[in-house]
Amino acid sequence: MEKKRNMAKLLWLLMLFSDTVPFNCEKSMRERAIELMQDARLIDGHNDFVLQLRILYQNKISGVNLRELNRTHTNLVKLQAGYVGAQFWSVYVLCSAQNKDAVRLTLEQIDVVKRMCHSYEELELVMTSQGISDSRKIACLIGIEGGHSIDSSLAALRMYYDLGARYMTLTHTCNTPWSESSSKGIHNFYPSVIGLTAFGQEVVKEMNRLGMLIDLSHTSYSTVKAALNISKAPVIFSHSAAFSVCNHSRNVPDDILQELKKNKGIIMVSFNADVLACGRKVVNISTLADHFDHIKEIAGSESIGIGGDYDGVERFPEGLEDVSKYPSLIEELLRRGWNETELKGVLRENFLRVFREVENVQRASAPQNQLCQASRCIPPAVG
Amino acid sequence: MEKKRNMAKLLWLLMLFSDTVPFNCEKSMRERAIELMQDARLIDGHNDFVLQLRILYQNKISGVNLRELNRTHTNLVKLQAGYVGAQFWSVYVLCSAQNKDAVRLTLEQIDVVKRMCHSYEELELVMTSQGISDSRKIACLIGIEGGHSIDSSLAALRMYYDLGARYMTLTHTCNTPWSESSSKGIHNFYPSVIGLTAFGQEVVKEMNRLGMLIDLSHTSYSTVKAALNISKAPVIFSHSAAFSVCNHSRNVPDDILQELKKNKGIIMVSFNADVLACGRKVVNISTLADHFDHIKEIAGSESIGIGGDYDGVERFPEGLEDVSKYPSLIEELLRRGWNETELKGVLRENFLRVFREVENVRNNFAVMGVGESEILQETKHSCRLDLHKPQPQPSRSFGFPSVAQPFILTLVSCLMLYYVS
């Protein structure tokens, strides 16, 4: 009788214990994720909030409270809750502006980023890897989305760099006269362009010389191959996922992932449900984490970053509905056995490595940048 | 006899002396001019060399030796010979680019200035009055010539400022949707615009807020009046002359010169023979100096500067054929009795005063809100994407809340509950 009662107590204790131990582990995972992110805040590769400001407010943001805006995936309070330490703001302008006023529209989007980042004390505009590292605020960076923004002018590209743009996605969903998009049939520009033309190669070289990151999201397979061939610096995919896991044209096939590893570049994984789940109804954190696992297997965790694409698309995985939810992804990856070093890499160190190397390549190009000294004029390779 | 011989010697000495003394005076004027300019190098308000680089080389300057180029009024050696200490390089793009690709073309011109100024060790790009004062080289500054460059976008204006542009001439020879040019009949844009529209006033206010100098050369009388009315900072004419002396539409009438004096602004006098001499065949340094004398009389020497317009027009006064000749003007003004303080003012101090005050106004406006106006009706044309029409965007959703999904879920849930119960 005594034995039975003791056994009963033991079982009862075990039940209690079994109840709490998993609970402690879960809490610990979450806590671990948060601690990790406090220590290594996220550098996110792509966010279209600024496009939303155009659509919703025609860029008239002075009367808008960007901290608590609830019409968008993004606001400043949510960014902080999501432990975002640096954000690339996309200055996308519609493809339909190509050959019209894309340049002016791009200047207007860059202007919105600057106004936003100067108006809020929790934001600060940075333009270097050091700027990101040093920032105690949310560092703002500028990314051009689509070569149509330069209107086939290397000078425009240089002026965007001067204004602070630090990456350019070579195409959006339309071909430019010099580069091919992965999207077919959405727009009708320059349908015969394949990969990079001669001028497209000049664009890539000029980006190397300037120290501007080359972003290959949205570009075609041929464009990616060509760019990887020419670029002297590591490249990025600011918001793409793994083609092997979901064969969407926006995603990166395994052979390219292998080249990316050799290139020491980075794929910043998109949270866009449509490119993650290939039409499946259920898209959740696990779906996204599958992409991370696969890319780690093929290219190593050092090739991975995060580019949420918030406010650029509509559908996100359950549990990742807005920019405050990033810790949930880190939690899931911890659960899957990713260690802290790997995760700090994913959160920021991998991107910083790429950015620093791109800056190194710029510095190494500097003798070309000095054209005329004393009595000698050395022609540089500037278009 | 002794007396006569001494007298002869004395007379002979006098002759010698009379020969040399005037000669010393002439050399002294030139020398004085040079010394003055060595001490107070010129800040020139307007030069179109960069437009020539577009025309002659399609902006491909890397193989061109800009030091000794002889196809233009300007090259670096001549600038140094002319004691130019700072030059505003005009980034003009053709009026015919209005409503087409003026913005891209303007970026390309700004890019040429930057490449040029980074490529030659005798040049350096500056963006502040302090930068000009401190520079031991030829300071490069950027001036936008014509409001058509901003394509009616205050954001574009701000981005040009960020790129280093420090003045904008509100019009060139064409009206913009918001400002009127002094030129009639050269182009056919926006013929009904008079002075500054409401948006034009916003442009002027935004320029005050930014600290960008407002340049009224090429603008109409109404535009000048309107700008002088609104601007909280001194304004400039980067390359104009006196209407009283030659009644060309590019020149500034006396009543405006008086307002400019009250405004504490500056007229940087143009060397363009056509606006100086009203068709007279002989145009020389004296012709130009007449403008200086007149403006000094009406507005005071503190209102005067120099804006040669080299490489922007073809005809220059005899003796002022290129940018190495500035000392000849200073020499003439010395001869006419201008003193050194006045001339240092003309050469640089007056402009620096204006620029510093424009910077002060910017600092005082630090709390003012950014300009967010736009004009829509006036800017509808085929090269402009109409963003106020819904665009077909199959691949990119704009975050419009999707009401369909929750509704269907609710419906299905209700049906399930009904059937289950």
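Throughout what follows, the structure given in this document is the object of discussion. Worth saying up front: this structure is predicted, and the values here are computed from it rather than measured.

What follows is about the packing of aromatic side chains. All names here are of chain A. Tallied over the full model, the rule gives 22 aromatic pairs over all chains. Taking 5.5 Å as the distance between ring centres and 75° as the angle between the ring planes, the aromatic pair formed by Phe-88 and Phe-351 counts as edge-to-face. One end of the pair, Phe-88, is in strand β2 (residues 84-90); the other, Phe-351, is in helix α13 (residues 340-364), with 263 residues separating them in the sequence. Residue classification places Phe-88 among the buried residues on the basis of a relative accessible area of 0%. Measuring from ring centre to ring centre gives 4.4 Å for Tyr-310 and Phe-316, while their planes differ by 10°; the resulting arrangement is stacked.

Turning our eyes to something else, we now look at the interface of chain B and chain A. Taken together, the contact pairs 40 residues of chain B with 52 residues of chain A. Between chain B and chain A, a total of about 4100 Å² is buried, with carbon and sulfur atoms accounting for 58% of that surface. Inspection of the region where chain B meets chain A yields 8 salt bridges. When the shortest N-O distance is used, the salt bridge between B:Asp151 and A:Arg104 registers 3.2 Å.

Below, the discussion takes up the side chain of B:Arg41. All names here are of chain B. Tracing the backbone through its elements, the reader meets Arg-41 in the loop between α1 (2-39) and β1 (42-47). Glu-124 is the oppositely charged side chain nearest to the buried, salt-bridge-free Arg-41, at an N-O distance of 7.2 Å. Of note is the side chain of Arg-41, whose polar atom sits 2.9 Å from the backbone oxygen of Lys-137. Leave out the neighbours within four places in its chain, and Arg-41 touches Tyr-83, Val-84, Gly-85, Ser-135, Arg-136, Lys-137, Ile-138, Leu-347 and Arg-348.

Turning our attention to the state of the cysteines. Residues and elements named next belong to chain B. Counting across every chain of the model gives 6 disulfides over all chains. One disulfide bridge connects Cys-95 with Cys-174, the sulfur atoms lying 2.1 Å from each other. Residues Cys-95 and Cys-174 are joined by a disulfide whose S-S torsion is about -80°; by sign, that bridge is left-handed. Within this pair, whereas Cys-95 is found in the loop between β2 (84-90) and α4 (102-119), its partner Cys-174 is found in the loop between β5 (165-169) and α7 (198-210), the two being separated by 79 residues in sequence. Each member of the pair, Cys-95 as well as Cys-174, carries the same accessibility label: buried.

Basis of the calculations
Along each chain, the written sequence defines residue order, and numbers are assigned to residues from 1. As they are written, the chains are lettered A onward and the ligands numbered 1 onward, keeping that order. Only residues with pLDDT of at least 70 get local features here, since the model is predicted, and only at 80 or more are side-chain atom pairs given and counted; chain-wide, interface and lining totals rely on the full set of residues. Side-chain numbers here rest on the full set of heavy atoms in the structure, without hydrogens or water. Geometry of aromatic contacts follows a simple scheme: Phe, Tyr and Trp rings, the Trp one being its six-membered ring, pair when their centres are within 6.5 Å, and the pair is stacked under 30 degrees between planes, edge-to-face over 60, tilted otherwise. The secondary structure listing takes helices from DSSP runs of H or I that are at least 4 residues long and strands from runs of E that are at least 2 residues long, numbered from the N terminus. The cut-offs for exposure are 20% and 50% of the maximum accessible area for each residue type, with area from a 1.4 Å probe on protein chains only; residues under the lower value are buried, those over the upper are exposed, and the others partly exposed. We call two residues contacting when some pair of their heavy atoms lies within 4.5 Å. Buried area: the sum, over both parts, of the accessible surface (1.4 Å probe) that disappears when the two are put together. The salt bridge criterion pairs a side-chain nitrogen of Lys or Arg with a carboxyl oxygen of Asp or Glu, the two atoms within 4 Å. Positive charges come from Lys and Arg alone, negative charges from Asp and Glu alone, with His and the N- and C-terminal ends not counted. Polar contact is defined as a pair of N or O atoms within 3.5 Å, subject to the rule that within protein one atom must be able to donate a hydrogen and the other to accept it, and that residues adjacent in sequence are counted only when both atoms are side-chain atoms. The term disulfide is used for any two cysteine sulfur atoms that are within 2.5 Å.

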